Amino acid sequence: MSGLSDSQFRRRFRQQFKLPPQQFVLKVRMQAACHLLSATDESLAEVALLCGFCDQSYFTRQFRAFFDLSPKRYREIWRRDF
């Protein structure tokens, strides 16, 4: 679609956004998850699905790796502070 080879696209994407495409997509998905966790009462499984993760377990592992805390704990902290 872009008229670039895979390696050219990845290189230019990384130059523009300072992240490889996969990391950029993960960051956007995590931002969406944070919003849903803090603004809704959706279950963790539903948040996972809404953010494009195949299941809650995988979502929880990715969330913990990204933020160093579980989605449940993130929700508890956010609600306690606000």
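Shown above is the structure to which this text applies.
Quick summary incoming for the structure in this document. (Residues numbered from 1 in each chain as written. Predicted model: local features only at pLDDT ≥ 70, side-chain atom pairs only at ≥ 80, totals over all residues. Heavy atoms only, no water.)

Quick word on the side chain of serine 70
Here is step 1 of the chain: Assignment of secondary structure puts serine 70 in the loop between helix 4 (56-67) and helix 5 (71-81).
Here is step 2 of the chain: On the basis of relative accessibility, which here comes to 13%, the residue serine 70 falls in the buried class.
Here is step 3 of the chain: In this structure the side chain of serine 70 is engaged in a polar contact, spanning 3.0 Å, whose partner is the backbone nitrogen of arginine 73.
Here is step 4 of the chain: Aside from chain neighbours lying at most four places away, what touches serine 70 is Phe63 and Arg64. (Helix = DSSP H or I, 4+ residues; strand = E, 2+ residues; numbered from the N terminus. Buried < 20%, exposed > 50% of the residue type's maximum accessible area, 1.4 Å probe, protein only. Polar contact = N/O pair within 3.5 Å; in protein donor to acceptor, adjacent residues only side chain to side chain. Contact = heavy atoms within 4.5 Å.)

What to know about unusual backbone geometry
Here is step 1 of the chain: In this model, lysine 18 sits at a positive phi of 65 degrees, which is unusual for a non-glycine residue.
Here is step 2 of the chain: Along the chain, lysine 18 turns up in the loop between helix 1 (6-17) and helix 2 (21-39).
Here is step 3 of the chain: In this structure, aspartate 68 takes a positive phi of about 65 degrees despite not being glycine.
Here is step 4 of the chain: With respect to the helices, strands and loops of the structure, aspartate 68 is situated in the loop between helix 4 and helix 5.
Here is step 5 of the chain: You can call aspartate 68 exposed: its relative accessible area is 68%.

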